[in-house]
Each structure stands twice: as structure tokens, then as C-alpha cells.
Amino acid sequence: MLKATLKSVLARKLRLVLSGLAVVLGVMFVSGSFVLTDTLDRSFKDLFATVYSEVDVEVAVKPKVDQGDPEAARAGTLTADDVKAVEAVAGVRTAVGDVIGSARPIGENGKVLTTSGAPRVGTAWRDGGQEELREGHAPARDDEVAISAYLAKTGGFTVGEQISVLTLEPKRTFTVAGIFGYPGNRDSLGGELTTAFTQPAAQQLLLAAPGAYSGITVRADEGVSQAVLRDRVQAALGDAYQVKTGEQLAKESADEIGEGLAFFNYVLLGFAGIALFVGIFIILNTFSIIVAQRTRELALLRAMGASRKQMIASVVLEAVVIGLVASVVGLAAGIGVGALLATLFSTFGGGSLQLAGIAVPSSAIISSFAVGIVVTVLAALLPALRASRIAPVAALREAATPDRPLTRLTVAGGVLSLAGGGMLGLGFADGTLWLIMTGLLVAFVGVALLTPLISRPVVSVIGKLLAWSMPGTLGRRNSARNPRRTAITAAALMVGIALITGVSVVLTSATTSITKVADTQIKADLIVSGESVNGESSGGFTADRLDRVLATPGVESAFGWYNDGVLVDGQQKFATVVTDVPAMARVFGLSATGGTIADLEDGQIAVDEPMATALNLRQGSTATVQTTKGEQRTYTVAFVLAKSRVLNEAVFLPESVVDEFALAQINTAFVKADPGVDAAEVRKAVEPVFADNPEVSVQDLSSYARQQASQLDTVLLMIQILLALAILIAVLGVINTLALSVIERTRELGLLRAIGMRRAQVMRMITVESVVISVFGALLGLVVGVALGVAAVRALTDMGITDLGIPWAQLGSYLLIAAGVGVVAAILPAIRAARLNVLQAISYE
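Residues numbered from 1 in each chain as written. Predicted model: local features only at pLDDT ≥ 70, side-chain atom pairs only at ≥ 80, totals over all residues. Heavy atoms only, no water.

> Mind showing me how you'd approach the overall build of the protein here?
Each helix and strand counted, the protein has 24 helices and 22 strands in total. Taking the principal axes of its C-alpha atoms as reference, the protein extends roughly 100 × 70 × 50 Å. Across the 845 residues in the protein, those meeting the buried criterion constitute 51%. Pairs at least 24 apart in sequence give 81% of the contacts found in the protein among residues at least 6 apart. If you sum the accessible surface of the protein, you get close to 37,100 Å²; carbon and sulfur atoms cover 60% of it. Of the charged side chains in the protein, 68 are positive and 73 negative; the average position of the first set lies 22 Å away from that of the second. (Helix = DSSP H or I, 4+ residues; strand = E, 2+ residues; numbered from the N terminus. Buried < 20%, exposed > 50% of the residue type's maximum accessible area, 1.4 Å probe, protein only. Contact = heavy atoms within 4.5 Å. Areas by Shrake-Rupley, 256 points an atom, 1.4 Å probe, with all protein chains shown as cover. Lys, Arg positive; Asp, Glu negative; His and termini not counted. Charge placed at Lys NZ, Arg CZ, Asp CG, Glu CD.)

Given below as C-alpha cells:
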């Protein structure tokens, strides 16, 4: 039996390739994910080891509110006295004050230069650091800067030219005095844009505090370890300071990146899981067809004495061989894909992230073989059991694939669909991810089992649209001839289409909700906002700019807000300071359930109903608040705002605490025009107020809503790209099914050719069959996806997605794409069918 099985596999190489291709792609996705994230993780560890190689100990003001980002705005600044105190500690060789902040250079086109994720850094130039001057000289005057080679290349700057930079102050123009690089001929350390000022200029522009420092870099005497020096400095300065070793800082930074990469890896593995789930349908269908084609062969083996266990073992062994070969090929392809993606990541990051050597982690190898073999064997179990039930007498029949009742299949599908729906409902209600994922899996299996019941009537209806000729009629009938086979092939395509459709419905509903809130609840005519790039605290403006807006002719009222993270009764929350609370209430249509809406006085706080419930607060109760730079204080709740669609879990503080925020700049302002005044004219009058800050835009309400909603389009595009692999595997499934079906129907096709059917008509018949199956799978996916999307929207009501939106145009495009996919999938099987030798086909066994 072993020899017979191996010979059977080797004798049908096309079947081996078609069966294994789906597994190859899934394994490639899995192993590629591990190789990519492992390479990037080690590369970032090397990067941070380099960044902190000149640091033995670093001193900073201890954060009072953990923002979850070690590079976030500091809790305060250090002074020259702090530097002297550190210098006096035993074992300190040097102690140098650092000035680091956000500096966003402006390109020649007047727009702010951006990166692919790396920060835009401003610093004070100091001799003896890692920076190596390549051209010019260090900045000597406050109107001079030195810039990194990567910034020079990105913006096209040369020594002696002018460069404009945004900092905590409005746009300032400097002369490029020098261009510097880093050891190893690097243009940057990791794709960041760096601008170095003189120390006085940096202290004013980056910290808004002349004579202050953001941190102190300490080098140890020979023989003094980093840990020992850290403890000595901590003891000398006290608990108000944060003292860390260079090794500690490198590890923390690398760990933070590692957490992000781990999440990214989970996302990739999730999509790989979807692709493999789709692959199971393909392999199941392939083995089912193979078993049907080999009925006489398997029956002869049974007649010759092979037991049922041997029959099962034969099919399972074939699956193991296919899984093993696919795992090896998929692992090799995954290593290549992972290396390619890592290189692309480095390239799009400016080419400055030096990649660690490509390595294959054990997790990639183990997961590749485990997933590849397990998935293949699992998919082959049902066909194996079916093969074991073939009676020896079947060897005497011309065909042994009669239709079987669908009762048990339908009942099982109904039970699983209900179970999956229930799990999804519970998962959406509780926000439990594993329950949602399990529910999706069970629901998809249930729908797949129900599909044969509806395949014949639905396929017949779809086919009639294409049955305008004899080949079209035959193609329609062929696609409806075996409902199980058609259903499994269509179900593979259904999974990918359903997920994309579900996400599209959720994101369209989010866009609809944003637009409706803007149209019905926000009564502002203009919105002034700063852009946020890579999470940097930039794009804000000072209160004097808002005063100028208020003084602009045609402006009835305007208010702005500041935002920052705070601790309220020990819980981390997002706080807002509003310049004119009554104006905000009028623009947003807010009301109070307790107290009267008014500007907050010192010592007062306001919350909305969701936040009051979360913190157990009411009008007149007290809460402790810790801001980023201030001391912990107790506030009294002045009023509680009624729940609205504009605010969600809001905390409002008085304007007197703005200087205690990490960044004392307004990030958004809402402007109301005088009655009867054209908002477009007011916009023209307001725009010059921010002419020197290209990060700030003045938009009407509809434009602002579109800008916010457009961010969701990027999310949809990314999901579509990641799910494309699952759809590609489904397309391979259609090709696989048609190719094996052509082999199975060789004699039939020969007879059709013998009675006069032309090659073009054969190709048209196969194409119609392919298009019908693809469109059927797409229709299934659209129905299931819309149902999933509607359920998700209902569950996300508390998160602000309150209005259902169906992207009809997108759904129509998915259907058209499915039809196109059917045409493409039919090309190879149709050519093979058309090229069959008529005489050989008629005599085919």
C-alpha cells in the first residue's frame, strides 16, 4: 500500500502541485511573518544599542503621568544646578545637559516634511557626540542649524541654503551651517529627520525654557558600572528624578518596539490563519474529487484485500506527503518574502535602518511544518473516510459518485451557523476577541455546510444570465451538476469576500456616523486643526492666534481646546481644557444633567455622563487630578454634561492648568460665523492668521468630516491587501476544481468535440462554469459579510458608530471583480479542455 500510494502521488504531479499550492501560500504567509518580525526586532535592538552606546546613565524629571511613550513630552525640565549636582557624584566622568524636542522642517514646496514612522527631532548641537560633520561647520549663531544627511537628501538642502522649521514657536528660518552623518556612513540612525540648533536656540524653541535641559547624559569613570553609577546618582538627586542606565534605556526602547512588532505579527498570523482556513476548503474539495476519480482504482485495491484502515492510511499518507512538500516550499518562499519585506521596510524608512542578518527563527520552522502538515491532513480526513467506505463491487461500475442526501449536512450547517452567531453576539457584547474569532470560524463552517442546499437553485439563476448559447447552457448545467463540489469551491471565495464586506460595512457606517454628527450636531462653520504625524505632539497653535480669530470680521464666536493625559482618582484619562465652555455647549448642542454649564473656575472639573458613571462622580463630588507637570490636586465637579454623540468619557479642567499640560497649545478650534455671513469669506479672512504654520488648516465642516473619514479608507485598503491572499487561494481553488473536473470529464468532453463542439465553444463552456461558481461565492460572501457588518455596527454603538452605512458601490465592484476572477480562473482549465485529443478523450478510462 505504501508503494502504491507513493506511486499514485508521483504519477499525478499536476494534482500534487494543485493540491499543495494553497498550503504553500498559507505557510509562506506564516513563516514570512516570523522571519520579518524577527529580523526587524533584532535590527531595532541593534539600533537602540547604537543610540545609547554613548550613555552610561541618563537623568530626567520623573514622569507624573505615564503616557506609555518614553519619548513623550517630559514631565519637566532640568537646570544647570541639576547638571552640577550630577557632576559632583562619585564615579561621574562627564555630565552633559541634553536638549531634545520636536522640530518639523518645511520643504521647498511649503509643506512639512514627513517620515515613514521615524520622529522629526530637534536637538542642541554638542561636540563629541555621535554626529560626524560631513560638510560645513557646527551652528555658531542662533540663526544657524546643522542638519542630518538624511534630512538634507529628503528636503534637497545644501550648506548655505535657508531652511524653515516648526517648533513650539511659529515658523522660523535658519541658515544650514553644516550637514552631519553618523558612524558607519549612516545618513541617520533610523530614518529620523534631525535638526541641531545652538544650545540657547534649542532651549527656547524646543523647551520654551531658556537655560533648561530635557535630560542629562552621564558617562562613568573607568571601572564604575552603569548600575552602580545609576544608584549613586539616584541617591544624590532623590525620588523626583528618573535615573536609568544606557542598557536599561536601550532595552526599554527595544521592548516597546518589540511589543508593536509582536502585535503586528499577531495581525499577520491572523490573516495567514484566514488564508489557511480557506486552503482547507480547497484541499477538501481536491481530495474529494480525487477520491471520486479513483473510485475504480480504490475499489480494486479493496477487492485485492486492502482493509479500510489501509485505505484511510493511503489517503492520509498522500496528504502528509503533499503537506510536507508544501511546508518545505512554503518555508523557503516565506524566508524570501520575509527578507524582501524587511528590505522594503528599511528602504521606505529612509534606508537608514541597518538590518540585522536574515535568520530563520525556530518558530518559523516549527509553525511551517506543523501548520502545513496538520492543515493538509485535517482537510483530507473526510475524503479518506469516504475512500474507506468504497465497496469492492464499485470496481465494476463506470461511475460511483451518486448524489447523497443533504439532510445531515443541512442540519449540521444550521446548528453550527446558530452556534457561531450566538458566539459572535456574545463576543461583540463583551468585546472578547477570542470569542469573536471562534464565532466567525464556526459561522463560516456552518454557512459552508448550508451552501450545497442553495447552490443548485442559485447557480441555475446566475447561470441563466450567461446561458444565451449552447456552451453557456452546458456551463450552467455543469456548475449545478454537483452541488457539494460547487458549494465547497464557492465557500472558499465566500470567506474572503465576507470578511472584506463586513469590514467595509463597519467602516462605511463609521464614516456615515462621522458625517451625520458633523451635519446635525456640530453647529460650527469652520474648524481649525493641526495635523498629527506619527503621533508627534505637533500642529498646535497658541492662544493669541485664537484671539486673532475672534477679532476677525464676520466671526461671531470661537473656542479651542487643549488635550493631555492625566490621572483622575488614579485612573489614566484624557483631559480637555476649553477656552469658552458655554460656546462649546452652544456649538455642540450640549446640556447639563447636574449643575449649570459655565466656564470652569480654578479647582473645578466637569465630566460627561459616561465618565461620571465610570468614576462614580456626580455634581458636587470631588476627584483628585494629576497633570503631566503640576502637582496632584483635588477638584470639585461643577456640572455633569448629558451624554451626546460628540463627546465620550470626557473630562474638562479649568484653563488655569494649561501650563501643566505636556504641550500648552490648542490643537483644535471651532469657529461660528455671524448670521448671514458667508462661511467661505470668513475662511479667507481667518487663513492668514495661520499662514506661517503649514501644519494648521482651516476647513469648513464638511471638508473636516471628509478628512477624518478618509483615514478609514487607509485601514480598509490595508485589510483588503492582507485578505487578498485568502482570495488568491480561493481563486486557485476555482482553477483546481475546474482542472480536476476537466480530467474527470475527459470522455464527456471528447464526445462533445466528436459531435461538433468547437474548441472556442469548449473554452466558453468552461468559462461560464467558472464565472457562475465565482459569482455564487461572491454573492454568498456579500450576504454573510453584510450580516456580520450589521451585527458589528449594532455592537459598536457605544463607540460612536450609530448609523448603518452599506457601501453599495463597493459591493457591486466586488461582484464584478468576482466575475473577472472567474474568467481568469478559467483560462488554464479551458485551454486544457480545448486541446484534448478527441480520439484519446473518448477512449479515456
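Still more to cover.
> Would you mind going over the pairing of strand 9 (residues 172-181) with me for this structure?
In regular strands, side chains alternate between the two faces of the sheet. Of all 10 residues in strand 9, 7 are buried; the element is thus mostly enclosed. Taken together, the 5 bridges between strand 7 (residues 144-148) and strand 9 define a ladder with parallel strand orientation. In the sheet register, V145 faces strand 9, and the bridge partner there is V176. Between strand 8 (residues 162-166) and strand 9, which follow one another and run antiparallel, lie 5 residues. (Pairing = 2+ DSSP bridges.)

> Help me out: how do you make sense of the domain arrangement of the protein in this one?
How big an interface is tends to be reported as the loss of accessible area on association of its parts. Entries for the protein in the domain assignment read domain 1 (57-256), domain 2 (456-522 + 706-845) and domain 3 (531-695). With centres defined by C-alpha atoms, the gap from domain 1 to domain 3 works out at 31 Å. Taken together, the contact pairs 22 residues of domain 1 with 25 residues of domain 3. Both faces considered, domain 1 and domain 3 share a buried interface measuring about 1,800 Å² in area, 48% of it formed by carbon and sulfur atoms. Taken as a group, K64, V65 and R120 account for 31% of the area that domain 1 buries against domain 3, more than any other trio of residues on that side. E695 is the salt-bridge partner of R104, the closest N and O atoms lying 2.8 Å from each other. (Domains from an automatic or database assignment. Buried area = accessible area lost by both parts, 1.4 Å probe. Salt bridge = Lys/Arg side-chain N within 4 Å of Asp/Glu carboxyl O.)

> Explain the packing of aromatic side chains here, please?
Aromatic rings in a pair are described by how distant their centres are and how their planes are angled relative to each other. A full pass over the atoms with the stated rule returns 11 aromatic pairs. Note on F44 and F48: the rings are 6.4 Å apart at their centroids and 25° apart in plane angle, and the pair reads as stacked. With F44 and F48 both in helix 2 (residues 13-51), this residue pair falls 4 residues apart, about one helical turn. Here F44 matches F48 in class, with each residue buried. Summarising the aromatic geometry, the rings of W561 and F670 are spaced 5.2 Å apart at their centres and angled 70° between planes, so their arrangement reads as edge-to-face. (Phe/Tyr/Trp six-rings, centres within 6.5 Å; stacked < 30°, edge-to-face > 60°.)

> How should the side chain of T195 be read in this particular structure?
Within the secondary structure layout, T195 lies in strand 10 (residues 193-197). Leave out the neighbours within four places in its chain, and T195 touches V121, G122, T123, V145, A146, I147, L151 and V165.

> Sorry if this is basic, but what is going on with the pairing of strand 8 here?
Counting buried positions along strand 8 yields 4 of 5 residues, so the element is predominantly enclosed. Relative to strand 8, strand 4 (residues 104-106) is paired through 3 bridges, and the arrangement is antiparallel. Paired with I106 across the bridge in strand 8 is S164. Of the pairings in the sheet, the one linking strand 8 to strand 9 comprises 4 bridges and is antiparallel in character. Looking across to strand 9, one finds that V165 is bridged to R172.

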